[in-house]
Amino acid sequence: MGGRCRARDALEVLPGVGTKTASVVLNVAFGVETIAVDTHIFRVSNRIPLVVAPTTDKVQAGLEAIVPAPYRLNAHHWLILFGRYICKARRPECPRCPINDLCRYPSKTL
Ligand code: SF4
C-alpha cells in the first residue's frame, strides 16, 4: 500500500520521521502492506532487477505494485535479509544465491 493514509501523514509530521521510518512503523506495528526501502532493498531491487529506479520512494512504489499481495507484508524483511547476507553490497554471494539463474546483474560473482 503505497498511497497516502492518515496514519502515514501523522507519522511523517514527527521530527526525523520520513517515508522509510513511517513505512516500517505502519508495516511492523499496524500490519500495513508497505515495503520500506533501505540501502539493501534499494540495491537488490536495482540489481536483479525487480524495480529499476533512481530513488528509494520510486523503488518502494514499484515494489508495492509488483509484489503479490500474500508476500507484501513480509517482503520488506525478506529483501533486507537477502541484501544483508547474500546480495551484499561489495561482493554479492552469487554462487550460493537461490535466484542466480534468474538474476540479470551484469557483475555477478559466478
Ligand atoms: S545472483 Fe548475485 S547479484 Fe544476483 S541477486 Fe543473487 S547475489 Fe545478487
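Attention here is on the structure that accompanies the text. (Residues numbered from 1 in each chain as written. Predicted model: local features only at pLDDT ≥ 70, side-chain atom pairs only at ≥ 80, totals over all residues.)

**Considerations on the site of the ligand**
And step 1. Taken together, 13 residues form the shell around the ligand, and within it C87, P92, C94, C97 and C103 come nearest.
And step 2. Classifying every residue of the shell around the ligand by side-chain character gives nine nonpolar, one polar and three charged. (Near = placed C-beta within 6 Å. Nonpolar A, V, L, I, M, F, W, Y, C, P; charged D, E, K, R; others polar.)

**Brief notes about the environment of S107**
And step 1. Tracing the backbone shows S107 in the segment after α5 (69-85).
And step 2. C-beta crowding within 10 Å serves as the criterion here: with 8 such atoms nearby, S107 is assigned to the exposed category.
And step 3. Residues S107 and R47, 60 residues apart in the sequence, show an inter-C-alpha distance of 9.2 Å. (Helix = DSSP H or I, 4+ residues; strand = E, 2+ residues; numbered from the N terminus. Buried ≥ 20, exposed ≤ 12 C-beta atoms within 10 Å, placed from the backbone.)

**Brief notes about the packing of helix α3 (residues 39-47) against α5**
What describes two packed helices is the angle between their axes and the distance between those same axes.
And step 1. Where α3 meets α5, the axes come as close as 8 Å, and the angle between the chain directions of the two elements is 80 degrees. Classified by the angle their axes make, α3 and α5 are roughly perpendicular. Touching H40, I41, R43 and V44 of α3 are L79, I80, F82, G83 and R84, all from α5.
And step 2. Its residues placed into classes, the contact of α3 with α5 shows five nonpolar, two polar and two charged. (Axes fitted to C-alpha atoms, helices over the stretch in contact; angles between N-to-C directions. Parallel < 35°, antiparallel > 145°, perpendicular 65-115°, else oblique. Contact = placed C-beta atoms within 7 Å.)

**A look at α3**
And step 1. Among all positions in α3, only I41, F42, V44 and S45 are buried.
And step 2. Looking at the buried positions of α3, the neighbouring elements they touch are α4 (56-66) and α5.

**A word on the packing of α3 against α4**
And step 1. Following both chains from N to C, one finds α3 and α4 inclined at 65 degrees, their axes separated by 10 Å at the closest point. Between α3 and α4 lies a crossing whose hand is left-handed. Contacts between α3 and α4 involve I41, F42 and S45 on the former and, on the latter, T56, V59 and L63.
And step 2. Looking at the contact of α3 with α4 residue by residue, the classes come out as four nonpolar, two polar and no charged. (Left-handed = near helix turned anticlockwise from the far one by under 90°.)

**Regarding α5**
And step 1. The end-to-end C-alpha separation of α5 is 25 Å, in line with the 24 Å expected for 17 residues at 1.5 Å each.
And step 2. When the local axis directions of α5 are compared, the greatest deviation, roughly 60 degrees, occurs at A75.
And step 3. Taken together, the buried positions of α5 are A75, H76, L79 and G83.
And step 4. Against the buried residues of α5 lie α2 (19-30), α3 and α4. (Expected span 1.5 Å × (residues − 1). Bend = angle between axes of the 7 residues up to and from the residue.)

**Some points on the nonpolar core**
And step 1. Of all hydrophobic cores here, the largest spans 13 residues; its most connected members are I35, V37, I41, V59, L63 and A75.
And step 2. Counting residues per element, the ones that place at least two in this core are α3, α4 and α5.
And step 3. Ranked by residue count, the leading element in this core is α3, at three residues.
And step 4. Setting aside residues up to four positions removed in sequence, V59 forms contacts with V37, I41, F42, S45, V51 and A53. (Core = buried A, V, L, I, M, F, W, Y, C linked by C-beta atoms within 7 Å.)

**Describing unusual backbone geometry**
And step 1. Cis rather than trans, the peptide bond between I48 and P49 has omega equal to -15 degrees.
And step 2. By secondary structure assignment, the location of P49 is in the loop between α3 and α4.

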